[in-house]
Amino acid sequence: MTAHVTTTRARNILTRTSGYLKGVASHSLQPYRGCSFGNALCGVGCYVQHNAFLTRGQAWGSFLEARVNAAELYTAQQAKERAWAYRKGLAFNVFMSSSTDPFVPHEQRFRVTERVLQAMLENPPEALILQTHTHLVTRYLPLYRVLRARTALRVHISIESDRDRLPGLPAPASPVRRRLEAAKRLKEAGIPVLITVSPLLPIADPERFFAEIAASADAVILDHFIGGDGTRDGARTLRTRLPAAMAEVSAESTSLTYRDRMAGIACRHLPGRVGVGGAGFAGRFLKMP
Ligand code: SF4
């Protein structure tokens, strides 16, 4: 299925956060509505597909709407939203993005994310977290070098497993190898990088996987679909094809026991730099025994 691509002029661009994001940033920013990676592996379990307000009845992965005035809106709205954050005793921190990927392939055509980043150079948030599933995140590396001097920038790259494929499911948005290389490139350029193993999928060689992450990133966060998809028991994900495909590879992987076992291995490779679930996204890492 190819995404139907449209443009729009949004009315708001900075969303005050709720749920698990509340502990991570004061605001989220979505340069697009929908996601052209919705038909890739990450789209199968993507929790955003359950957000009827956002999908407006359209199948996940079938649409992408570029918010072409996002940069102008950021410039116009940042002072008011910054003041709101301060009144709440928060820092003005922006998470980009929680319901799309800022580096979808159409970004090359629309440049919405790039223009938002340029607008942030003038009015930087106190922290900016870029969350992505693709190696295309390195495209704006020269811009990150400048931004880094003005805001606490960090990049989260999702790599759910060392496997590129699960039985019966589509290919990932970007191969595992390329995402690891992207992380390493950013890290070597001095940009803080976290790997989000989210949602955690069955890992073929955990020792090697976490050793590679340790060599390519500053920290790792493990998040299981149980507790990580916005429901306590993973009910949203259980309605998708993801758990059955995971179980076909490893029955244990659909339980929190698996997450905890993987976290133990990760801790050996990245001592003091392993986070789990919402606490991990908020920057709280596991204490070493
Ligand atoms: S890139 Fe993110 S928002 Fe897009 S389908 Fe994958 S998980 Fe969902």
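Note that this is a predicted model, so its numbers are computed, not measured.

What the protein chain contains, in helices and strands, is 13 helices and 11 strands. Here the C-alpha radius of gyration of the protein chain, 18 Å, is about what a compact globule of 289 residues would show, namely 19 Å. Structurally, the protein chain occupies a C-alpha span of about 50 × 40 × 35 Å along its principal axes. In the protein chain, which comprises 289 residues, the share counted as buried stands at 46%. Considering only contacts within the protein chain whose residues lie at least 6 apart along the sequence, 77% involve residues at least 24 apart.

Right, let's get into the nonpolar core. Counting residues in each nonpolar core, the largest one holds 75 residues, and the members touching the most others are Ile 195, Val 220 and Leu 222. The residues touching Leu 222, leaving out its near neighbours within four places in the chain, are Val 197, Leu 200, Arg 259, Met 262, Ala 263, Ala 266, Val 276 and Gly 280.

The 3 strands lie next to each other as β1-β5-β4, forming an open sheet whose pairing is mixed. Pairing within the sheet leaves two strands with one partner each, and these edge strands are β1 (4-8) and β4 (32-34). With direction set aside, neighbouring strand axes in the sheet form an average angle of 20 degrees.

Our focus in this paragraph is the packing of helix α8 (residues 206-216) against helix α12 (residues 256-269). Contact pair α8 / α12: the axes reach a minimum separation of 9 Å and the direction vectors enclose 45 degrees. Taken as axis vectors, α8 and α12 run oblique relative to one another. Where α8 crosses over α12, the two elements pack in a sense that is right-handed. Contacts between α8 and α12 pair Pro 206, Glu 207, Phe 210, Ala 211 and Ala 214 from the former with Met 262, Ile 265, Ala 266 and His 269 from the latter. The class makeup of the residues in the contact of α8 with α12 is 7 nonpolar, 1 polar and 1 charged.

Rules and cut-offs
- Residues numbered from 1 in each chain as written.
- Predicted model: local features only at pLDDT ≥ 70, side-chain atom pairs only at ≥ 80, totals over all residues.
- Helix = DSSP H or I, 4+ residues; strand = E, 2+ residues; numbered from the N terminus.
- Rg over C-alpha atoms; globule rule 2.2 N^0.38 Å.
- Buried ≥ 20, exposed ≤ 12 C-beta atoms within 10 Å, placed from the backbone.
- Contact = placed C-beta atoms within 7 Å.
- Core = buried A, V, L, I, M, F, W, Y, C linked by C-beta atoms within 7 Å.
- Pairing = 2+ DSSP bridges.
- Axes fitted to C-alpha atoms, helices over the stretch in contact; angles between N-to-C directions.
- Parallel < 35°, antiparallel > 145°, perpendicular 65-115°, else oblique.
- Left-handed = near helix turned anticlockwise from the far one by under 90°.
- Nonpolar A, V, L, I, M, F, W, Y, C, P; charged D, E, K, R; others polar.

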